[in-house]
Amino acid sequence: MAREECKALLDALNKATACYHHLVLTVGSSADSQNLREELQKTRQKAQELAVAARAQLTAALRDRGLGAEERAEFERLWVAFSGCLDLLEADMRRALALGTAFPLHAPRRPLVHTGVTGGAAGIAARALSVRSLRHEAERDFDVNDLRELEREVLQVGEMIHDMEMKVNVPRWTVQARQAAGAELLSGAGASSVGGVSTEGRRRPCDLSKALAAAVFSAVLLVAVALAVCVAKLS
Amino acid sequence: MAAGPAPPGGCPSAQRPHLSKMERVVVSMQDPDQGVKMRSQRLLITVIPHAVAGSDIVEWLIQKYCISEEEALHLGTLLVRHGYLYPLRDPLSLLLQPDDTPYRFQTPYFWTSTQWPAAELDYAIYLAKKNIRKQGALVDHEKEHYNQLHRKISHTWDLVVMQAREQLRAAKQRRKGDRLVIACQEQTFWLVHRPPTKNMDFYRREIEYCRKALGRTRVKSSVCLEAYLKFSSQHGPHDPIMSGCLPSNPWIADSDTYWVVNAPSVAAPTKLRVDRWGFSFRELLEDPVGRAHFMEFLRKEFSAENLSFWEACEELRHGGQAQVPALVDAVYEQFLAPGAARWVNIDSHTMERTLEGLRRPHRYVLDDAQLHIYMLMKKDSYPRFLKSDMYRGLLAEAVVPPETKWRVFPFMRKPRRSSPSPALLASMEPAAAAGGPRGGDGEA
């Protein structure tokens, strides 16, 4: 159904935005490197693809005049979350551009700030792209070209947001969010997002495998104890 | 997303040179040879590098900028208070202790200049993350902020919860040491930008901001646009790009007659210039030739002291700070004192206010009186000047410089004067240097 697809796209976009935020945090610090810039590029390109797909679906749904009131409210809720996510992404991209220009990687004395963060962030980028691991294949001058592309992409995203506002008129103050204050404390509960359901689903097999392992281990332990007792008795 | 009612620190579009200065200091501290000495912080299992001791920072500042210890301490405290350094043991005390207390540098993403203004949505996401991590045990002021934010941006609360969860999950992909450092960084950022106690400074700034906002003049956009159209149509014929310039465009014809004819003080002003004096009083006063003619006119009308007073006030406003007291006294003696030689006619209210202000003279103490005289001249003398014979005479006498004719054959044009090319100059330089002092006055 269109709603489920939209929700899935929105969740993926949300994940990509959160991962991008985490990667931009370290630009200009001691963890900055070619690899990081490449991860940033891959993550933001994925986020943009998802944004375009989600926008197409949501716009199509919201412009459909034959939509019921409840369905419309649901789509408007998704729309507000989607445009907020896109705003966050654009802000982070702008900051990445500013920081990337201010802290070039190839200056003779690299002015990076020693912040104590030294590890790589390949795991985060892999999570955003939903792959197992990431391969780094950038050339030497990657960051300089990348900054130019980033500038163009920032403008593109800005245009997309503007376009969205012009095409679909959703007054934000009329939208009622599903989550109440403190909803984040109920981890995974509530059917408001597919992500919530999937985390519960993922936890159940985990619990199952853990229970199985515990059972096998205790069985082996009992057998070993029984054998030892037999050996002790026999000898 | 939109910022709060008053962005902390005043108007966001104002320049913040103090931030870029602090950033330069921080970046120069990172120099591997001449920067601050870095140590490692040892926690139970993890070791996190890049910690600095407070005493090291003070020492480095003293050495690099040749300042006293007190000043270095103050500078260091400013760095901490603006969030460029943060203490590792006691994150709530934003001071620089000149002893062994460890500090660490803030990542550029969380610098004040990158994140201006600190957005409410980001703060909401941060509080939601903290809520999840601490299982609902937020500090008092954070709880207050959380409820406030929920009321304000309740429509995006879905996004807040989603992002908070995802950001926490993404953070789990990092090593433990990195995770700790990033959490500290974010915490410091929000301590600086949403301080727990709203002290006097904060309220004073809020009041100032609201007062300025109320005092701003608001004009209807229709009135604005009409004024803009009027200005454009009036000044259209006077613009050298839109309507061509006489005698010729200096950049095309390579002759500077245009600038010579329109010099600030020229004996025979052009017709366009004299026309402009009729547009507004400000144009007349800004043009030195116009001002001189206006002064002559006022002399005939026996009200020249108005313009002299206005000019003296302008000099006071834009002059040097050291001359302010002497100038104020001189102006008072000449124009405002009861039996002064050139007494100006100011109404009693303004005179009272000015005399009171004169007890503590500063640059803008005569502003009220100056404005009064300016409006007097504008409403009274200026219309009479425009109707006077003198102005009509000036209009009649004004020259219209003839347009230079384009010569038909290009090679008959005046030879263009070319400046020496930089390549030639550069090659002449070593020759002159090799010539030595015997070369005498250089050729370059």
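Residues numbered from 1 in each chain as written. Chains lettered and ligands numbered in written order. Predicted model: local features only at pLDDT ≥ 70, side-chain atom pairs only at ≥ 80, totals over all residues. Heavy atoms only, no water.

Student: How would you explain the overall build of chain B if you had to name every residue and give the values?
Tutor: Scanning chain B from terminus to terminus reveals 21 helices and four strands. The contacts in chain B between residues at least 6 apart in sequence include a share of 61% that link residues at least 24 apart. Per element, the accessible surface of chain B, about 26900 Å² overall, is 57% carbon and sulfur. (Helix = DSSP H or I, 4+ residues; strand = E, 2+ residues; numbered from the N terminus. Contact = heavy atoms within 4.5 Å. Areas by Shrake-Rupley, 256 points an atom, 1.4 Å probe, with all protein chains shown as cover.)

Student: Please set out the overall build of chain A residue by residue, giving values where relevant.
Tutor: Looking only at helices and strands, chain A has six helices and zero strands in total. Looking at chain A residue by residue over its 235 residues, the buried ones come to 45%. Within chain A, counting contacts between residues at least 6 apart in sequence, those at least 24 apart form 82% of the total. Total accessible area on chain A stands at roughly 12400 Å², and carbon and sulfur atoms take up 59% of it. (Buried < 20%, exposed > 50% of the residue type's maximum accessible area, 1.4 Å probe, protein only.)

Student: Explain the packing of helix α3 (residues 69-102) of chain A against helix α5 (residues 142-167) of chain A to me, and be specific about the residues and the numbers.
Tutor: All names here are of chain A. Running from N to C, α3 and α5 cross one another at 155°; their axes reach a closest spacing of 10 Å. What the angle tells us is that α3 and α5 run roughly antiparallel. Crossing of α3 over α5 shows left-handed handedness. Contacts between α3 and α5 involve Trp-79, Phe-82, Ser-83, Leu-86, Asp-87, Glu-90, Met-93, Arg-94, Ala-96, Leu-97, Gly-100 and Thr-101 from the former and Leu-147, Leu-150, Glu-151, Glu-153, Val-154, Val-157, Gly-158, Met-160, Ile-161 and Met-164 from the latter. When its residues are assigned to classes, the contact of α3 with α5 shows 13 nonpolar, four polar and five charged. (Axes fitted to C-alpha atoms, helices over the stretch in contact; angles between N-to-C directions. Parallel < 35°, antiparallel > 145°, perpendicular 65-115°, else oblique. Left-handed = near helix turned anticlockwise from the far one by under 90°. Nonpolar A, V, L, I, M, F, W, Y, C, P; charged D, E, K, R; others polar.)

Student: Report on the pattern of salt bridges, specifying residues and quantitative values.
Tutor: Residue and element names in this part refer to chain B. For the coordinates displayed, the defined rule picks out 31 salt bridges over all chains. Of the charged contacts, one joins Asp-100 and Arg-39 as a salt bridge, the two residues approaching to 3.6 Å between their closest N and O atoms. One end of the pair, Asp-100, is in the loop between β3 (85-87) and β4 (102-105); the other, Arg-39, is in strand β1 (residues 39-42), and 61 residues separate them in sequence. Under the relative-accessibility criterion, Arg-39 is labelled partly exposed at 33%. (Salt bridge = Lys/Arg side-chain N within 4 Å of Asp/Glu carboxyl O.)

Student: Please set out the UniProt feature "transmembrane region" (unreviewed entry) in chain A residue by residue, giving values where relevant.
Tutor: The UniProt record marks residues 211-232 of chain A with the feature "transmembrane region" (unreviewed entry), using the residue numbering of this structure. Span residues 211-232 of chain A is 100% helix and 0% strand, its end C-alpha atoms 31 Å apart. (UniProt positions renumbered as here; feature names shortened; annotations may be inferred.)

Student: Which residues make up helix α19 (residues 367-387) of chain B, and what are the values?
Tutor: All names here are of chain B. For α19, spanning 21 residues, the distance from its first C-alpha to its last is 29 Å, which sits close to the expected 30 Å at 1.5 Å a residue. Approximately 40° is the largest bend angle found in α19, and it occurs at Ser-381, with the proline Pro-383 only one to four residues beyond. Regarding α19, the residues found buried are Ala-369, Gln-370, Ile-373, Tyr-374, Met-377, Ser-381, Tyr-382 and Phe-385. (Expected span 1.5 Å × (residues − 1). Bend = angle between axes of the 7 residues up to and from the residue.)

Student: Any details on the nonpolar core? Residues and values, ideally.
Tutor: A:Phe82, A:Leu86, B:Met29 and B:Trp157 are the most contacted members of the largest nonpolar core, which totals 111 residues. Broken down by element, this core gets its largest block of residues, 14 residues, from α3(A). Excluding residues within four positions of it along the chain, A:Phe82 makes contact with A:Leu10, A:Leu13, A:Ala51, A:Ala54, A:Arg55, A:Leu58 and A:Met164. One finds B:Trp277, B:Leu285, B:Trp310 and B:Leu316 within the second-largest nonpolar core, a separate group that totals 38 residues. (Core = buried A, V, L, I, M, F, W, Y, C linked by side-chain atoms within 4.5 Å.)

Student: Please set out the packing of aromatic side chains residue by residue, giving values where relevant.
Tutor: Two aromatic rings are characterised by how far apart their centres lie and by the angle between their planes. Residue and element names in this part refer to chain B. Scanning the entire structure with this criterion turns up 21 aromatic pairs over all chains. An angle of 45° between the planes, with centres 5.2 Å apart, marks the rings of Phe-281 and Tyr-374 as tilted. Highlighted residues: Phe-281 in helix α14 (residues 281-286) and Tyr-374 in helix α19, separated in sequence by 93 residues. Note on accessibility: Phe-281 and Tyr-374 belong to one class, buried. One aromatic cluster is present, formed by Phe-281, Phe-294, Phe-297, Trp-310, Tyr-374, Tyr-382, Phe-385 and Tyr-391 through successive ring pairs. The ring centre of Tyr-123 lies 5.2 Å from the NZ or CZ of Arg-194, which sits over that ring. (Phe/Tyr/Trp six-rings, centres within 6.5 Å; stacked < 30°, edge-to-face > 60°. Lys NZ or Arg CZ within 6 Å of the ring centre and 35° of its normal.)

Student: For the interface of chain B and chain A, give the residues involved together with the corresponding values.
Tutor: With 51 residues of chain B at the interface, the matching set in chain A holds 57 residues. When the buried surface of chain B facing chain A is broken down by residue, B:Tyr109, B:Asp158 and B:Arg174 rank first, second and third, together holding 16% of it. Counting across the chain B and chain A interface gives two salt bridges. Here B:Asp158 and A:Arg77 are joined by a salt bridge, their closest N and O atoms 2.3 Å apart. Our count for the contact surface shared by chain B and chain A stands at 15 residue pairs in polar contact (both at pLDDT 80 or more). Put simply, the parts of the chain that give the side of chain B that touches chain A at least two residues each are β2 (47-53), β4, α4 (120-134), α5 (140-152), α6 (157-171) and α7 (176-193) of chain B. When residues of the side of chain B that touches chain A are assigned to their parent elements, the largest contribution, 12 residues, is made by α6(B). (Buried area = accessible area lost by both parts, 1.4 Å probe. Polar contact = N/O pair within 3.5 Å; in protein donor to acceptor, adjacent residues only side chain to side chain.)

Student: Tell me about the environment of B:Arg291, residues and numbers included.
Tutor: All names here are of chain B. Structurally, Arg-291 can be placed in helix α15 (residues 288-301). Looking at Arg-291, the relative accessible area reads 26%, which means it is partly exposed. In sequence terms Arg-291 and Phe-281 are 10 residues apart; their C-alpha atoms lie 10.0 Å from each other. For Arg-291, the contacting residues outside a window of four places in its chain are Leu-284, Leu-285, Leu-307, Trp-310 and Glu-311.

Student: Tell me what's going on with helix α1 (residues 2-24) of chain A, and back it up with residues and numbers.
Tutor: Residues three or four positions apart in an α-helix share a direction because the helix packs 3.6 residues into each turn. For α1(A), with 23 residues, the first-to-last C-alpha span of 32 Å sits near the 33 Å given by 1.5 Å per residue. The element α1(A) is extensively covered by neighbouring structure, given that 17 of its 23 residues are classed as buried.

Student: Please provide a residue-by-residue account of the UniProt feature "coiled-coil region" (unreviewed entry) in chain A, values included.
Tutor: UniProt annotation of "coiled-coil region" (unreviewed entry) refers to residues 30-57 of chain A when read in the numbering used here. From the first C-alpha to the last, residues 30-57 of chain A spans 41 Å; its make-up is 86% helix and 0% strand.

Student: Before we move on, can you summarise the side chain of B:Asp178 with the specific residues and values?
Tutor: Within the fold, B:Asp178 resides in helix α7. Judged by relative accessible area, which is 1%, B:Asp178 ranks as buried. Leaving out residues up to four positions away in the same chain, B:Asp178 has contacts with A:Gly116, A:Val117, A:Thr118 and A:Gly119.

Student: Quick rundown of empty space enclosed by the protein? Include the residues and the values.
Tutor: Scanning all chains against the criterion turns up three cavities of 30 Å³ or more. Listed by contribution, the elements that provide at least two residues to the lining of the second largest cavity are α2 (34-63), α3 and α5 of chain A. (1 Å grid on protein atoms, 1.4 Å probe; cavity = no way out; pocket = protein on both sides within 12 Å on 5 of 7 lines; lining within 4 Å. Points joined across faces, edges and corners; volume = space filled by probe spheres on them.)

Student: Please give an account of the pairing of β2(B) that cites residues and values.
Tutor: With five of its seven residues buried, β2(B) lies for the most part within the structure. Linking β1(B) back to β2(B) in an antiparallel pair, the connection comprises four residues. (Pairing = 2+ DSSP bridges.)

Student: Could you give an account of a nonpolar patch on the surface, naming the residues involved and the relevant values?
Tutor: Residues and elements named next belong to chain A. On the surface, Phe-217, Leu-221, Val-225 and Val-229 cluster together to form a nonpolar patch covering roughly 390 Å² of accessible area. Inspection of the secondary structure assignment puts Val-225 in helix α6 (residues 194-234). A relative accessible area of 47% places Val-225 in the partly exposed class. (Patch = residues over 30% accessible without salt bridge, like charges linked within 9 Å, V, L, I, M, F, W, Y side chains within 5 Å.)

Student: Just give me the short version of the pairing of β4(B), but keep the residues and values in it.
Tutor: All names here are of chain B. Burial along β4 is two-sided: the face carrying Pro-102 and Arg-104 and the face carrying Tyr-103 and Phe-105 are both buried. With two bridges joining them, β2 and β4 adopt antiparallel strand pairing. Each bridged residue has a counterpart across the sheet, and for Val-52 the counterpart in β4 is Tyr-103. Of the strand pairs in this sheet, β3 and β4 are connected by three bridges, and their pairing is antiparallel. Bridge pairing links Tyr-86 to Arg-104 in β4.

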